[in-house]
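# Report on the structure
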Amino acid sequence: MTRNANRYAVLTALVALLLALPVQASVNKSITIEAGETADGATTVNGKVTVGAGATVTGEVSSVNGSVRIEEGATVASADTVNGSLRVADKVRSRSLSTVNGAIEIGSDVVVDGEVSAVNGRISVGGGSKVAKGLGNVNGDIELEGSEVGGDVSTLNGDIELAEGAVVMGDVVVEKPRGSNNSKGTPRVVIGPGSRVEGVIRLERKVKLYISESAEVGGVEGEMTLDDAVRFSGKHP
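Residues numbered from 1 in each chain as written. Predicted model: local features only at pLDDT ≥ 70, side-chain atom pairs only at ≥ 80, totals over all residues. Heavy atoms only, no water.

## Some words on the environment of Ala215
Locating Ala215 in the fold gives a position in the loop between strand 27 (208-212) and strand 28 (216-217). Through-space distance from the C-alpha of Ala215 to that of Gly165 is 8.1 Å; in sequence the pair is 50 residues apart. When sequence neighbours within four positions are dropped, the list of residues in contact with Ala215 reads Ile191, Gly192, Gly194, Ser195 and Arg231. (Helix = DSSP H or I, 4+ residues; strand = E, 2+ residues; numbered from the N terminus. Contact = heavy atoms within 4.5 Å.)

## A look at the confidence of the model for the protein chain
Per-chain confidence: the protein chain averages 91 in pLDDT, with 87% of residues scoring 70 or above. Taken together, the stretch residues 17-23 has pLDDT below 50 and engages in 13 contacts with residues farther than four places along the chain or on a different chain. (pLDDT = per-residue confidence, 0-100.)

## Side note on the sheet that holds strand 27
Strands belonging to one sheet form pairs held by backbone hydrogen bonds; the direction of such a pair is parallel or antiparallel. Sheet architecture is open: 11 strands sit in the order 2-5-7-9-12-15-18-21-24-27-30, paired in parallel fashion. One side of each edge strand has no neighbouring strand; the edge strands of this open sheet are strand 2 (31-33) and strand 30 (230-232). Mean inter-strand twist for the sheet, computed between neighbouring axes without regard to direction, equals 5°. Here three bridges tie strand 7 (residues 68-70) to strand 9 (residues 86-88), and the two strands are oriented parallel to one another. If you follow Val68 over to strand 9, its bridge partner there is Leu86. (Pairing = 2+ DSSP bridges. Axes fitted to C-alpha atoms, helices over the stretch in contact; angles between N-to-C directions.)

This is how it looks when you write it as structure tokens:
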């Protein structure tokens, strides 16, 4: 897929950053930007990166083989990793968040001015957080809890759940597997109580579709219709 090619291209870009950034760069060591500090960027190949609470990073925060953690109230231009998880605490601000192989965990009241993306990894977004553009992955579950996404939410092999009044301004999309991207099972899509999909639920394959009686959706298109959805009245189906 084009998405796969784009994500794996991150590897080359991250290594190139070692030459581009004069400070806070390493090959085999972890990097920590202390709480309240200001830095131009931080990148490592074999190590983790931690951005302390309230810190400001005007450039990219990245690792090739390691996790990235951004503590509460920090601001970073962008954060990404190839092989590792990305954990973002409450009240963080970033232009974009991405990983190839690893989960993305976003806390509450986080603002992402662009996209959130993963290839192989779960994505979760906490209450009050806002992603201005799209959010998606290839393999892994997606959970939005009281958060808002300004674009589409998409997956190929994963479940999608909107809970606690989550809002998707675009479409909710489950893509059809092609080539080697074979499904491990039937995806589950849950639109929970008070949640809203301004666009449509676009299904390129059959799923287990559950829509709360108090949820709002713009319709269901593709391999299923709204009539195929199981409606439920409790907190969970």
